[in-house]
Amino acid sequence: MIITPTPIAGVMIVDVEPFPDARGMFARTFCADEFAAAGLTVDVAQCSVAYNASAGTVRGMHWAGEPVRETKLVRCTRGALLDVVVDPRPDSPTYLRHVAVELSADNHRALFIDAGLAHGYQTLVDSTEATYQMNVPFTPGHDRGLRFDDPRLGIVWPLPVSVISDKDRAWPLLAGDGPAGPSGDAAPPGPPGIQRDVAHASGGVGATA
Ligand SMILES: Cc1cn([C@H]2C[C@H](O)[C@@H](COP(=O)(O)OP(=O)(O)O[C@H]3O[C@@H](C)C(=O)[C@@H](O)[C@H]3O)O2)c(=O)[nH]c1=O
């Protein structure tokens, strides 16, 4: 596996190293030792799959609030999607910036997402599946979220949004207006969980794929 950092600390691209032969190929998609060597720990407490019927479906942007420290290893096992991670940590140098990485069944690419980072995606084709490994069991009641279309985040979704849940449509917008400003200014922390009242936001880190 090739594990590549992104501009956001705690977000890593995980690529497979295929062994091709006449049948096709074999590749490891997870290896505890290789992850540990890259400084990542993935204790698998839960694996999940999300099937999306239509291209343009958006899920996110989600993370688990404290004290839950939920890490995710996300891959696309059918179809293709644009995976997006936003940094909602007020004390981070990449606060409110995002990375966007295309994951597909064909590229076998995965994204490791550390605890406290907001995750979402848009499907690029019909019949797309996202598959997750999480380090903790499902802990309802700790959901935190950002609005996928918050102008302060500046996420460029590649397709018109075809389907989204009521929950995801209803996450509140960040406070403030206008386009995202430059990074680096301190912003006051929002209330626990949803960052409703930040005074400053920064632009996207850009697509990595
Ligand atoms: C996330 C989750 C949901 N559920 C249930 C709750 C609910 O009835 C149903 C659908 O839940 P949701 O609408 O929250 O599913 P979804 O919007 O797909 O939530 C997921 O979104 C992506 C972007 C992520 O990053 C994931 O961690 C997760 O938050 O599945 C579980 O049983 N276990 C789980 O781990």
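Residues numbered from 1 in each chain as written. Predicted model: local features only at pLDDT ≥ 70, side-chain atom pairs only at ≥ 80, totals over all residues. Heavy atoms only, no water.

**Let's talk about the packing of aromatic side chains**
(1) Moving on: What the rule picks out here adds up to two aromatic pairs.
(2) Moving on: Ring geometry for phenylalanine 148 and tryptophan 157: centres 6.5 Å apart, planes at 55°, overall tilted. Of the two residues, phenylalanine 148 and tryptophan 157, neither departs from the other in class, the shared state being buried. (Phe/Tyr/Trp six-rings, centres within 6.5 Å; stacked < 30°, edge-to-face > 60°. Buried < 20%, exposed > 50% of the residue type's maximum accessible area, 1.4 Å probe, protein only.)

**Re the confidence of the model for the protein chain**
(1) Moving on: Per-residue pLDDT for the protein chain averages 87, and the proportion of residues at 70 or more is 84%.
(2) Moving on: Predicted confidence for residues 177–209 stays below pLDDT 50, and this span has 84 contacts to residues more than four positions away or in other chains. (pLDDT = per-residue confidence, 0-100. Contact = heavy atoms within 4.5 Å.)

**Observations concerning the pattern of salt bridges**
Opposite charge on two side chains allows them to pair when their charged atoms are near.
(1) Moving on: Across all of its chains, the model carries eight salt bridges by this definition.
(2) Moving on: Of the charged contacts, one joins arginine 23 and aspartate 21 as a salt bridge, the two residues approaching to 2.5 Å between their closest N and O atoms.
(3) Moving on: In this structure, lysine 167 engages aspartate 143 in a salt bridge whose closest nitrogen and oxygen atoms are separated by 3.6 Å. Taken together, the residues lysine 167 in helix 2 (residues 166–169) and aspartate 143 in strand 13 (residues 143–145) connect sequence positions 24 residues apart. (Salt bridge = Lys/Arg side-chain N within 4 Å of Asp/Glu carboxyl O. Helix = DSSP H or I, 4+ residues; strand = E, 2+ residues; numbered from the N terminus.)

**Focus on the sheet that holds strand 5 (residues 46–52)**
Consider a sheet: its strands pair through backbone hydrogen bonds, and that pairing is either parallel or antiparallel.
(1) Moving on: Judged by pairing direction, the sheet is antiparallel, and its six strands sit side by side in the order 1-2-10-7-12-5 without closing on themselves. Two strands close off the open sheet at either side, each with one partner strand: strand 1 (2–5) and strand 5. Going from strand to strand, the sheet's axes swing by 25° on average, the running direction of each strand aside.
(2) Moving on: Bridge count between strand 1 and strand 2 (residues 11–15): four bridges; the pairing is antiparallel. Residue pairing in the sheet places threonine 4 in a bridge with isoleucine 13 of strand 2. (Pairing = 2+ DSSP bridges. Axes fitted to C-alpha atoms, helices over the stretch in contact; angles between N-to-C directions.)

**Section: the site of the ligand**
(1) Moving on: Around the ligand, the surrounding shell consists of Gln46, Arg59, His62, Lys72, His119, Gly120, Tyr132, Phe138 and Lys167.
(2) Moving on: At a separation of 2.9 Å, an oxygen atom of the ligand approaches a polar side-chain atom of glutamine 46.
(3) Moving on: The contact in question runs from an oxygen atom of the ligand to an N or O atom on the side chain of lysine 72, over 2.8 Å.
(4) Moving on: Alone, the ligand offers 660 Å² of accessible surface; in the complex the protein occludes 61% of this.
(5) Moving on: Taking a 2 Å distance to the grid points as the criterion, the majority of the atoms of the ligand fall inside the largest pocket.
(6) Moving on: Residues of the shell around the ligand, tallied by class, amount to two nonpolar, four polar and three charged. (Near = heavy atom within 4 Å. Polar contact = N/O pair within 3.5 Å; in protein donor to acceptor, adjacent residues only side chain to side chain. Areas by Shrake-Rupley, 256 points an atom, 1.4 Å probe, with all protein chains shown as cover. 1 Å grid on protein atoms, 1.4 Å probe; cavity = no way out; pocket = protein on both sides within 12 Å on 5 of 7 lines; lining within 4 Å. Sits in = over half its atoms within 2 Å of the grid points. Nonpolar A, V, L, I, M, F, W, Y, C, P; charged D, E, K, R; others polar.)

**Quick word on the nonpolar core**
Proteins that are soluble and globular tend to have nonpolar side chains buried together.
(1) Moving on: By size, the foremost hydrophobic cluster in this structure holds 18 residues, and its most contacted members are Val11, Val85, Leu111 and Tyr132.
(2) Moving on: Elements with a contribution of two residues or more to this core: strand 2, strand 7 (72–78), strand 8 (80–86), strand 9 (98–104), strand 10 (110–113) and strand 12 (128–134).
(3) Moving on: In this structure leucine 111 touches Val11, Met12, Ile13, Lys72, Leu73, Val74, Asp83, Val85, Val101 and Leu103, once residues within four positions along its chain are discounted. (Core = buried A, V, L, I, M, F, W, Y, C linked by side-chain atoms within 4.5 Å.)

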